[in-house]
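# Residue-level structure breakdown
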Amino acid sequence: MNRVGHSDLDGAGPLERDYQRGLDRGARTARDDTALVAADGPRSRDALRALTIAKLHALLDAGVPGSRVALFGAPTADMIATYLACIIGGYVAIPVDPAFPDA
């Protein structure tokens, strides 16, 4: 698996490269703008980008098998960054609402 750097995605597909370029462009033009307001507070574009890249590295370092990742938790910046990391890494993110009752 390829490692994602702060400015490129060597060997990634076109979707991942376009997503990364969009993050880079947005971060350059509005570094301090709020990109996300989650349950745990607002995050700037730079903060969301850094958190997303850190989550992607954590997924890759953990050697997550398969193509699906279940995300269980509240809609915090951490959860949203992990969701974005799944998209960049080519995983299918499956959000699971902890408030949803047992079947």
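Quick caveat: nothing in here was measured; it's all calculated off a predicted structure.

Further remarks concern the pairing of strand β2 (residues 41-44). Two elements, strand β1 (residues 34-38) and β2, share four bridges in a ladder whose sense is antiparallel. Bridge pairing in β2 links L36 to R43. Between the end of β1 and the start of β2, which pair antiparallel, lie two residues.

Quick look at the confidence of the model for the protein now. Per-residue confidence for the protein gives a mean pLDDT of 77, with 67% of residues at or over 70. Per-element averaging of pLDDT across the protein places helix α1 (residues 14-29) at the bottom with 64 and helix α3 (residues 77-89) at the top with 91. Overall, residues 1-9 carries pLDDT values under 50, and its contacts beyond four positions in sequence, including any with other chains, amount to 26 contacts.

Our next topic: the pairing of strand β3 (residues 68-72). A one-sided burial pattern is seen for β3, the buried positions being V69 and L71 and the unburied ones R68, A70 and F72. Here β3 pairs with strand β4 (residues 92-96) via five bridges, running parallel. Bridge assignment links F72 to a residue of β4, and that residue is V96. Read as a crossover between parallel neighbours, the route from β3 over α3 to β4 is right-handed.

Calculation notes
- Residues numbered from 1 in each chain as written.
- Predicted model: local features only at pLDDT ≥ 70, side-chain atom pairs only at ≥ 80, totals over all residues.
- Heavy atoms only, no water.
- Pairing = 2+ DSSP bridges.
- Helix = DSSP H or I, 4+ residues; strand = E, 2+ residues; numbered from the N terminus.
- pLDDT = per-residue confidence, 0-100.
- Contact = heavy atoms within 4.5 Å.
- Buried < 20%, exposed > 50% of the residue type's maximum accessible area, 1.4 Å probe, protein only.
- Right-handed = clockwise from strand over helix to strand, strands pointing away.

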